[in-house]
Amino acid sequence: MSHAAVQKKKIEEAPAEEVDLTAANAIIDKYLTLPGNLMPVLQGIQDEYGFVPPPTVALVAERLNVYPSQIYGVLTFYSQFHLKPRGRYIIRVCVGTACHVQGAERIVETFFGKLGIGHAETSEDLRFTFEKVACLGACGMAPLAMVNDDTFGKMTVQKVDEIIAEYNQRPMK
Amino acid sequence: MVNLTIDDKQVTVAKDATIYDAAKSAGIKIPILCHDKKLHPFGGCRMCLVEVEQMKGRLIPSCTTPATEGMIVRTSNEEIVKARKLVLELLLLKHPVDCPVCDAAGDCDLQNLTYEYGVSKNPLSDEKFRWEIDYINPLIERDMNRCVHCGKCARICDEIVSFGAYTFINRGIDAKMGTAFDGPLECEFCGSCVSVCPVGALLSRPFKFKARWWAMQKVKSVCSYCGTGCQLTLGVKDNKVLTTIYDENQGFHNGQLCTRGRWGYQFVNSEKRLTTPLIRKGSALVEATWDEALALVSTKLGEAKSAAAALVTPRLTNEELFLFKKLFTEGVGSENLDHSAGYAHAALTDAALKGLGEAASPSVIADIQKCDLLLVVKSDAYETHPVIGFEINLGVKRQGVNLRIVSDKSGKLSRLPGAQTLLHTPGSELVLFNTLANIIVTEKLVDASAPLLDGYAALVTALSSCTVEKGAAVTGLTPEALVALAKEYAASEKALILMPLGLGYPGHGSALAQSLLNLAMLTGRIGKEGSGVLFMGEKNNSQGAADLGIVPGKNGKDAAGIIDGCIAGTIKALYLVGENPVVSYPDRKKVEAALSKVDFLVVQDLFLTESAAKAHVVLPACSFAEKDGTFTSLGRNVQKITKAIKPVGSSKSDYEIFNKIHAAVTGKPLYASCQALFTEISESVSGYAGLTWAKLGSNGVVRPVTLSPKLVPVVAPAPTAEAGKFALLTGSALNHCGTLSQYGEGPMMVCPEGYVEFGRADVKRLSLVEGDKVTVSSTAGSVTLKAKLGNRLSEGVVFAPYHFNDNSINSIATGAPVTWVSVAKAK
């Protein structure tokens, strides 16, 4: 198969998503007349859906009269935006200098092994998203992990199991 | 004005000039990668760094820094050179430096600057990018490994094209130029991005590996597609036109082109070109010599005399059209002469002639950016004349032009900032503009000059019945919207109306044009800068054809009359020059019957078109690239084209062919050159007086008009309507022009066939999917076309472009402004 044909096939195989746009429309309605409304609209959509579903990008583009490409540029520029669904529980492990010297890489590797997902990936059941981050600002507690807003200092490999077990119990909603 | 010193030179520039502009005006070259004179300053590449005495301590980007009074600027010293070298080293760090296989080599800013600054080794080292190269779309190869992040592609696509295909995606070292969702490029394919790319990141795929840049001859010419009159530079090698080359200093459009102009050149060297004359022997067309063919044509035309008729394409040069008219009227003795005027250009040849005394627009292209209010009739100004579309984009976005669109469908222009689109019932344009005129009269918004014009009283009387209420009912607009538009139009100091013409817009071209002229005259807009009406002729020399009177004589038949005459047997010989009426004129069945019936049909064309296949004699003509001559643009700019290659095969230019037939039928000597004909034109055609070949120069001359405005009432029949049927609007597809672009590879790659476009409501109602086959039927016949899903058509309205031979739309459209059709999914 030619290079072009392979590229084309890849695109054709991507599944089309069905997304309920009611909430996105309501968010756009709220900011429609505000100058510089693209950021609050995207933030609102991310809050509502947990990420920015691609069909909402087309909707925002049409209703705010902004090019879809520009929206994509904004979404990929800011790390706060996500184009794929995120887990209910976001596990963040610090790999900043202090944590690094305290063995953060081993914590990371253990999470990888136990969760079966890598950096910036989300488990299939949408329960966990794992991220390596550079410094969470609590170097005294190194090595450090966070799950959503809960902090876990002085992390050990053993604690990884406990954390995963704990959050596997918690509800998905 | 601002005075400053650059490299010890005193420079005086306008207040809004940057240091870069000031240096340029003084002939001092500052290197740039991301700067483009057409775009807003960006300041991304840091190649243009200079030292400013008053701002010492850091180097200053000259392309974004305004020149101020007393500035002392140094454009080169050791520190500056070092800084520029570092910029290049950093760029080369990631760049693949694959110049031997890069088509941009020789015309690459990065390569040239690397050479100029002698960056032969790089103290830095890093991995190269490994971006996947985009080979999906047929026209633009995107190799982001070669990109220098100047952002020009994204900026031009936004600022001038207003499409916005590109953006910077990601951040930091991962940043690259990409599309939405980093997907394949799905755009208009005007190629503006390719033209401004300073390196080989964006390349023309049809030109890939065709020739090294320096090995090509660069020949200046004028585009032979639409009437805009864009200047072109052809890249020529081995008697072949291999590409078009961007020259930012060419024409009013600064080198901007559309798909057809940039990528439609392949028809010139197409393998389908006719290379020898053909004469019919029984059912076959057999190769013949020029002598045989010309003798036969001269004899048959001479015999037919006043029963001869001719339909000539307005794609020919002025000289050819002029010579043909002589040949036909004086030599053959027939007045049955027309171009597509009868169908497509009556706005010029009829309405403007009656209303203004000249078959030309009172306004010029430059008025678009000078007006306060721009009223675009039909949204299709963008589709028919894309580079005029760019002018509209620039006018609205940079000059603050208020854009109002009055159309039966919305379009790309409708999305411009502040644009308002009034969507009216299909076919109700005449009622709409008469209503607007009446509002202007009743609201006492008439300019003091209008009552002095001929026909004022008659117009006011005729308009009195065109009440707002009636107008609103017929057009489907609210009375308030009509009144608001009329008031806004009258209140704007400079107001310009644009009306695209063409074979795709049949029915009421002349009446519509007259109603627009009335509106402009009532408000005193004719003959004023930035105001008036601009009729946008469909073909590259539509204006020339109108100027030279390629219209029926007093007793002659027009295009429709000629077709009827062929069927009735009153026309004995028909000479088609570059016209392909089978595909482009309304009512295909009737046209085919006419061409089959006529005793003698001679077709002179580049290709064996559907019409030529029916001919008794076929004469192979040359393209615009194989001849000298002049075209007159829709803005009345008379411009020269230059012979770039020798005629393909044994084809001859239309000038040469006409010259021989002219000599044969008149017994007069041959013309020595087309320049001699141009001299005759300047002596006999008003508006061309005083023009000489030399005076035209490289930018042409806008020929003047002598106007004698006259108001002519327009009868506005109520639009037709048929319950349960769809209103079919025909027109131009963005990537095509006439039927010629069918032979241009680029346009066919992005728009290979006809289609029928639906709006959202109908898509839902008929559960259509893009590409579904649908059968569209009218009383004249039916065609099966692919469905295109859009969001610009109202419920019950469909659109189809006319350019294509297969399932040609003229099989169902017979020349009415709106054709009523039924639509069903094909099995």
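Provided above is the structure to which this section pertains.
Structural notes, computed from the coordinates.

So, how was this worked out
- Residues numbered from 1 in each chain as written.
- Chains lettered and ligands numbered in written order.
- Predicted model: local features only at pLDDT ≥ 70, side-chain atom pairs only at ≥ 80, totals over all residues.
- Heavy atoms only, no water.
- Axes fitted to C-alpha atoms, helices over the stretch in contact; angles between N-to-C directions.
- Helix = DSSP H or I, 4+ residues; strand = E, 2+ residues; numbered from the N terminus.
- Parallel < 35°, antiparallel > 145°, perpendicular 65-115°, else oblique.
- Left-handed = near helix turned anticlockwise from the far one by under 90°.
- Contact = heavy atoms within 4.5 Å.
- Nonpolar A, V, L, I, M, F, W, Y, C, P; charged D, E, K, R; others polar.
- Core = buried A, V, L, I, M, F, W, Y, C linked by side-chain atoms within 4.5 Å.
- Buried < 20%, exposed > 50% of the residue type's maximum accessible area, 1.4 Å probe, protein only.
- Expected span 1.5 Å × (residues − 1).
- Buried area = accessible area lost by both parts, 1.4 Å probe.
- Salt bridge = Lys/Arg side-chain N within 4 Å of Asp/Glu carboxyl O.
- Polar contact = N/O pair within 3.5 Å; in protein donor to acceptor, adjacent residues only side chain to side chain.
- Pairing = 2+ DSSP bridges.
- Phe/Tyr/Trp six-rings, centres within 6.5 Å; stacked < 30°, edge-to-face > 60°.
- Lys NZ or Arg CZ within 6 Å of the ring centre and 35° of its normal.

1. Topic: the packing of helix α18 (residues 559-568) of chain B against helix α20 (residues 588-597) of chain B
All names here are of chain B.
Turning to step 1, where the next piece is worked out: For the pair α18 and α20, the least separation of the axes is 8 Å and the interaxial angle reads 55°. Classified by the angle between their axes, α18 and α20 sit oblique to one another. The two elements α18 and α20 cross, and the hand of that crossing is left-handed. In contact with I563, D564, C566, I567 and A568 of α18, α20 contributes K590, V591, A593, A594 and K597.
Turning to step 2, where the next piece is worked out: Class assignment of the residues belonging to the contact of α18 with α20 gives a composition of 7 nonpolar, no polar and 3 charged.

2. Describing the environment of L501(B)
Residues and elements named next belong to chain B.
Turning to step 1, where the next piece is worked out: With respect to the helices and strands, L501 occurs in the loop between β20 (495-500) and α16 (509-522).
Turning to step 2, where the next piece is worked out: Taking the C-alpha atoms as reference points, L501 and Q231, 270 residues apart in sequence, are found 21 Å from one another.
Turning to step 3, where the next piece is worked out: Setting aside residues up to four positions removed in sequence, L501 forms contacts with A344, H345, A347, L348, F535, M536, G537 and E538.

3. With respect to the nonpolar core
Turning to step 1, where the next piece is worked out: Core analysis: the biggest nonpolar cluster contains 145 residues, and Y166(B), I392(B) and Y575(B) have the highest contact counts within it.
Turning to step 2, where the next piece is worked out: Among the elements that line this core, the one with the most residues is helix α8 (residues 318-332) of chain B, at 7 residues.

4. Considerations on helix α11 (residues 386-398) of chain B
Residue and element names in this part refer to chain B.
Turning to step 1, where the next piece is worked out: A rise of 1.5 Å per residue sets the reference length of α11, with its 13 residues, at 18 Å; its end C-alpha atoms lie 18 Å apart and thus fit the reference within 8%.
Turning to step 2, where the next piece is worked out: By the criterion of burial, α11 is predominantly enclosed, with 11 of the 13 residues buried.
Turning to step 3, where the next piece is worked out: Restricting attention to buried positions, one finds in α11 the residues P386, V387, I388, G389, F390, E391, I392, N393, L394, G395 and V396.
Turning to step 4, where the next piece is worked out: Count one or two residues on from α11 and you reach G400, which has phi positive near 70°.

5. Looking at the interface of chain B and chain A
Turning to step 1, where the next piece is worked out: In this assembly, 26 residues from chain B lie in contact with 21 residues from chain A.
Turning to step 2, where the next piece is worked out: The contact between chain B and chain A buries some 1900 Å² in all, and 54% of this surface belongs to carbon and sulfur atoms.
Turning to step 3, where the next piece is worked out: The three residues of chain B that bury the most area against chain A are I136(B), F181(B) and R415(B), which together make up 34% of that side's buried surface.
Turning to step 4, where the next piece is worked out: Between R760(B) and E62(A) there is a salt bridge; the shortest N-O distance is 2.8 Å.
Turning to step 5, where the next piece is worked out: At the junction of chain B and chain A, the tally comes to 9 residue pairs in polar contact (both at pLDDT 80 or more).
Turning to step 6, where the next piece is worked out: If you list the elements that add at least two residues to the side of chain B that touches chain A, you get α4 (152-159) and β7 (167-169) of chain B.
Turning to step 7, where the next piece is worked out: It is β7(B) that contributes the most residues to the side of chain B that touches chain A, 3 residues altogether.

6. Let's talk about the sheet that holds strand β5 (residues 150-152) of chain A
All names here are of chain A.
Turning to step 1, where the next piece is worked out: Here 5 strands make up an open sheet; going across it, the order is β2-β3-β1-β4-β5 and the pairing mixed. Among the strands making up the open sheet, the edge pair consists of β2 (121-122) and β5.
Turning to step 2, where the next piece is worked out: As paired strands, β2 and strand β3 (residues 128-133) are joined by 2 bridges and run antiparallel to one another. Directly across from E121, in β3, lies its bridge partner F130.

7. Things to note about the packing of helix α2 (residues 78-94) of chain B against helix α3 (residues 109-116) of chain B
Residues and elements named next belong to chain B.
Turning to step 1, where the next piece is worked out: Orientation of α2 relative to α3, taken along the N-to-C sense of each, is 130°, at an axis distance of 11 Å. As summarised for this structure, α2 and α3 are arranged oblique, according to the angle between their axes. Seen along the crossing, α2 lies across α3 with a hand that is left-handed. Residues L88, L91 and L92 of α2 form the contact with α3, whose participating residues are L110, L113 and T114.
Turning to step 2, where the next piece is worked out: Looking at the contact of α2 with α3 residue by residue, the classes come out as 5 nonpolar, 1 polar and no charged.

8. Observations concerning the pattern of salt bridges
Turning to step 1, where the next piece is worked out: Evaluated as defined, the whole model comprises 43 salt bridges over all chains.
Turning to step 2, where the next piece is worked out: Of the charged contacts, one joins K409(B) and D408(B) as a salt bridge, the two residues approaching to 3.0 Å between their closest N and O atoms. Accessibility classification places K409(B) together with D408(B) in one group, the buried group.
Turning to step 3, where the next piece is worked out: Each of the salt bridges in this network shares a partner with another, and the network as a whole consists of D150(A), E166(A) and R170(A).

9. Looking at the packing of aromatic side chains
Turning to step 1, where the next piece is worked out: What the rule picks out here adds up to 20 aromatic pairs over all chains.
Turning to step 2, where the next piece is worked out: Taken together, a centroid distance of 6.4 Å and an interplanar angle of 50° make the contact between Y89(A) and F128(A) tilted. Pair noted here: Y89(A) is in strand β1 (residues 89-94) and F128(A) is in strand β3, with a separation of 39 residues, a long-range link.
Turning to step 3, where the next piece is worked out: Ring plane angle 15° and centroid distance 5.4 Å describe the contact between F324(B) and F328(B), whose orientation is recorded as stacked. Here the residue F324(B) and the residue F328(B) both occupy positions in helix α8, the gap between them amounting to 4 residues, near one helical turn.
Turning to step 4, where the next piece is worked out: Given a relative accessible area of 0%, F324(B) falls into the buried group.
Turning to step 5, where the next piece is worked out: Under the relative-accessibility criterion, F328(B) is labelled buried at 0%.
Turning to step 6, where the next piece is worked out: An aromatic cluster is present here, built from Y89(A), F128(A), F152(A) and Y167(A) joined pairwise through their rings.
Turning to step 7, where the next piece is worked out: The ring of F129(B) carries K94(B) above its face, with NZ or CZ at 5.1 Å from the centroid.
Turning to step 8, where the next piece is worked out: Above the face of the F799(B) ring, R792(B) is positioned so that its terminal group lies 5.2 Å from the ring centre.

10. Let's talk about the sheet that holds strand β23 (residues 600-605) of chain B
Think of a sheet as strands paired side by side through backbone hydrogen bonds, with each pair either parallel or antiparallel.
Residue and element names in this part refer to chain B.
Turning to step 1, where the next piece is worked out: Pairing within the open sheet is mixed, and its 7 strands lie in the order β14-β13-β24-β23-β22-β15-β16. A strand with exactly one partner marks an edge of an open sheet, and here the two such strands are β14 (284-287) and β16 (337-338).
Turning to step 2, where the next piece is worked out: The sheet contact formed by strand β15 (residues 308-312) and strand β22 (residues 573-577) spans 5 bridges and is parallel. By the bridge assignment, A310 is partnered in β22 with Y575.
Turning to step 3, where the next piece is worked out: Across the sheet, α8 lies against β15, β16 and β22, angled at about 175° from β15, the strand it touches most.
Turning to step 4, where the next piece is worked out: In this fold helix α21 (residues 654-666) packs onto β22, β23 and β24 (617-620), with an angle of close to 150° to the strand it touches most, β22.

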